[in-house]
Each structure stands twice: as structure tokens, then as C-alpha cells.
Amino acid sequence: MRMACLCPTFRRRPALVENIIACFLNQTYPAELRRLIVLDDGGTLPPTAKDNWQIVVTQHRYPGLPAKYNALVRLAGDAEALVVWEDDDIYLPWWLESVAKVLREHPWSHPRE
């Protein structure tokens, strides 16, 4: 299952964004089946594109988080699953595997713990 992790951010310290990228890169879910898209509409991060993650930077300020997520969904392309990836959270290495396991049996996942 191809997963797109969607991360909206605005004027965050680079260290926070580096942390979420590190959490993404340490996932045990197959790298070829996952992608991280960070959308910075504060224009403070450098635009970057790597094999399975990217930072998209725009000076255009979205009117709210729903509009920003809609933009991220458009960037996700052919992903079969969309995963919220917060810029101030820590994701343990098995996070995407656990999401994929739930999505194999249910149409959506809501973390409880």
C-alpha cells in the first residue's frame, strides 16, 4: 500500500522539521511504499526533494489548515493511503506499519494511544 505522509508546517524551527524527517526515514515500512510531503507556507525552510520525501515551500499563506491539507492531498498523487504527520510529534519506527495493518481491514484509522 503506497502511503503519503502529509505534514503541514508554518514558521517552525528547522530542528523540528529535521526531527520529523528523521522519524520518517527510520520507519520500518518499506521505503519504496512511503512518501513524506512537508508543506511550509511560511517560507522559512529551504525547498528540498529527496528520494521519498520533500519540503515544498510557498509564500502563499493558506487561509486555514483544511485548505493546506487539500493542497497536500493534491501533492500526494497516487497514494493509496493518506497519513497525518504532525511537525511537532515523534513517530516510533513501526508507526506506518501499524497504520498499514489497520488500513488493510478498515477504511480509516484513528490512533487511540
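Everything here concerns the structure above.
Fair warning: this is a prediction, and the values are worked out from it, not measured in the lab.

## Some details on the nonpolar core
- Met3, Ile20, Leu36, Trp85 and Leu96 are the most contacted members of the largest nonpolar core, which has 22 residues in total.
- Those elements that place two or more of their residues in this core are β1 (3-9), α1 (14-25), β2 (34-40), β4 (53-57), β5 (81-84) and α3 (95-103).
- Looking at this core element by element, the count peaks at five residues for α1.
- Apart from residues no more than four positions distant in its own chain, Leu36 is found in contact with Cys5, Cys7, Ile20, Ile21, Phe24, Asn52, Trp53, Gln54 and Trp85.
- Grouped together as the second largest cluster of nonpolar side chains are nine residues, Ala4, Ile37, Tyr69 and Ala71 included.

## A few points about the pattern of salt bridges
- Counting across every chain of the model gives six salt bridges.
- With a shortest N-O distance of 3.6 Å, Asp78 and Arg2 are connected by a salt bridge. With Asp78 in the loop between α2 (65-76) and β5 and Arg2 in the segment before β1, this pair connects stretches of sequence that are 76 residues apart.
- Arg2 gets classed as partly exposed once you look at its relative accessible area, which sits at 33%.
- One salt bridge in this structure joins Asp41 and Arg61, with 2.9 Å as the shortest N-O distance. In this pair, Asp41 is assigned in the loop between β2 and β3 (48-49) and Arg61 in the loop between β4 and α2, connecting sequence segments 20 residues apart.
- Three or more residues joined by partner-sharing salt bridges are found here, namely Arg2, Asp78 and Glu80.

Rules and cut-offs
Residues numbered from 1 in each chain as written. Predicted model: local features only at pLDDT ≥ 70, side-chain atom pairs only at ≥ 80, totals over all residues. Heavy atoms only, no water. Core = buried A, V, L, I, M, F, W, Y, C linked by side-chain atoms within 4.5 Å. Buried < 20%, exposed > 50% of the residue type's maximum accessible area, 1.4 Å probe, protein only. Helix = DSSP H or I, 4+ residues; strand = E, 2+ residues; numbered from the N terminus. Contact = heavy atoms within 4.5 Å. Salt bridge = Lys/Arg side-chain N within 4 Å of Asp/Glu carboxyl O.

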